[in-house]
Amino acid sequence: MRKKVVLITGAAGEIGHALVKALARQSEYPLVTLDLQPLPEDIDGLSTHIEADLLDANVLDRLVSEYEFERIFHLAALLSTRGEFSPVMTHEVNVNGTMRLLRLAAEQSEWRRRPVQFIFPSSIAVYGLPDLETKRQYARVREWEWNYPRTMYGANKLYCELLGVYFSQYYRQLAAEQPVMVDFRSVRFPGLISAFTIPSGGTSDYGPEMLHAAAKGEPYACFVRPDVRIPFMAMPDAVKALLDLAAAPAENLSQRVYNVTSFSLSAEEFRAWVLKFFPQAEITFEPDLKRQAIVDSWAADMDDSAARRDWGWQPDYDVQRAFEEYLVPNILQLYQPA
Ligand code: AKB
């Protein structure tokens, strides 16, 4: 008899770290985590952790033989900056990894005659606005607008959204009598900011990097222009979005991919918020034209009205509350001398 569990891939990453903590408090089912890395100390022991590569077929065979997946949070991915240094490997991890898991979810859905729920974090990186004038005109993009990503990561996320829709509506549409489909649901995140972890490999990283450097008393040179604007979200809201979407009644969902966002800031405004709490911080601007061009192609804000309408999405943290109640108090504690 297979044991019913919730699977979290990429569990040692930034979102995984916060999600595992939250799920350990509230999940109906035990957690199984999968990552190439060991789990950080503070979440170690909250799950059965498998330190392995998602692309290793033996690993997935072992998972299938032992577990029945009620729900899968597929977080494992290589991000937008990292992806440009090794695009082929990034495609392998981001697309082939997702495809393998979707097939596994589809097989288990058929076998148990009940859909496996598949929760997939997508990203603002699926957008690609051609120039700053268009970015100004389409200030709050809707889900279907400007889906012309200019990074491997963005292209992978967009394609995997489509794969997810395919697996939840059309997979084996001509071959099987009454296929039971995967219940695929996805949120497109803006740049995320955690008080506990520093991102690596992304292009929205300048926001959280600025803040963590200030808290550590280190100088920081921001790699985009002061006027570059994108939306951000505090990590607890990212976890809330994943859990709320997972809990939403299927009949309320009019689409499978939803924008979610919280507050939009220019890099200069981000700096001003950091200086409000760390007035001594040394934050300068030294744009890296290539990374900046990627952020310029992302929308200044996202329209998340469909998520608000269909499943009651609302962030708990606006920018003020994010800094005052979540980021600053926790970061101060994190870097407090022992
Ligand atoms: C990245 O910068 O690649 C990510 C993202 C916006 O999805 N943080």
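So, how was this worked out
- Residues numbered from 1 in each chain as written.
- Predicted model: local features only at pLDDT ≥ 70, side-chain atom pairs only at ≥ 80, totals over all residues.
- Heavy atoms only, no water.
- Buried < 20%, exposed > 50% of the residue type's maximum accessible area, 1.4 Å probe, protein only.
- Helix = DSSP H or I, 4+ residues; strand = E, 2+ residues; numbered from the N terminus.
- Pairing = 2+ DSSP bridges.
- Axes fitted to C-alpha atoms, helices over the stretch in contact; angles between N-to-C directions.
- Contact = heavy atoms within 4.5 Å.
- Near = heavy atom within 4 Å.
- Polar contact = N/O pair within 3.5 Å; in protein donor to acceptor, adjacent residues only side chain to side chain.
- Areas by Shrake-Rupley, 256 points an atom, 1.4 Å probe, with all protein chains shown as cover.

For strand β10 (residues 229-234), the tally of buried residues reaches five of six residues, placing the bulk of the element in the interior. Bridge count for strand β8 (residues 191-193) against β10 is three bridges, and the pairing is parallel. Opposite Leu192, over in β10, you have Met233 as the bridge partner. Here β10 runs beside strand β12 (residues 263-266); their pairing, made up of four bridges, is antiparallel. By the bridge assignment, Arg229 is partnered in β12 with Ser266.

Once that is clear, we can look at the sheet that holds strand β7 (residues 183-189). Across the sheet, seven strands lie side by side as β3-β2-β1-β4-β5-β7-β11; this open sheet has parallel pairing. Either end of the sheet is taken by a strand with one partner, and the two such strands are β3 (48-51) and β11 (257-259). Neighbour to neighbour, the strand axes of the sheet diverge by 20° on average, direction disregarded. Looking at chain direction, strand β2 (residues 31-35) and β3 are connected through four bridges and run parallel. Across the sheet, residue Asp35 finds its bridge partner in β3, namely Glu51. Contacts from helix α4 (residues 87-112) reach β1 (3-9), β4 (67-74), β5 (117-123) and β7, with the element oriented near 145° to β4.

A few words on the site of the ligand. Residues in contact with the ligand, as listed here, are Leu79, Ser80, Ser123, Ile124, Tyr153, Gly202, Thr203, Ser204 and Trp298. Between the ligand and Ser123, the relevant distance is 2.7 Å, taken from an oxygen atom to a side-chain nitrogen or oxygen of the residue. Measuring from an oxygen atom of the ligand, one finds a side-chain N or O atom of Tyr153 at 2.7 Å. In the complex, the protein chains occlude 90% of the 250 Å² of accessible area that the ligand would expose alone.

The next subject is the pairing of β7. Extensive coverage of β7 is indicated by the burial of seven of its seven residues. Burial of the side chains of β7 extends over both faces: Asp183, Arg185, Val187 and Phe189 are buried on one face and Phe184, Ser186 and Arg188 on the other. Bridging between β5 and β7 involves seven bridges; their strand directions are parallel. Opposite Phe118, over in β7, you have Phe184 as the bridge partner. When β7 meets β11, the two strands line up parallel, connected through three bridges. In the strand pairing of β11, Ser186 is matched with Val257.

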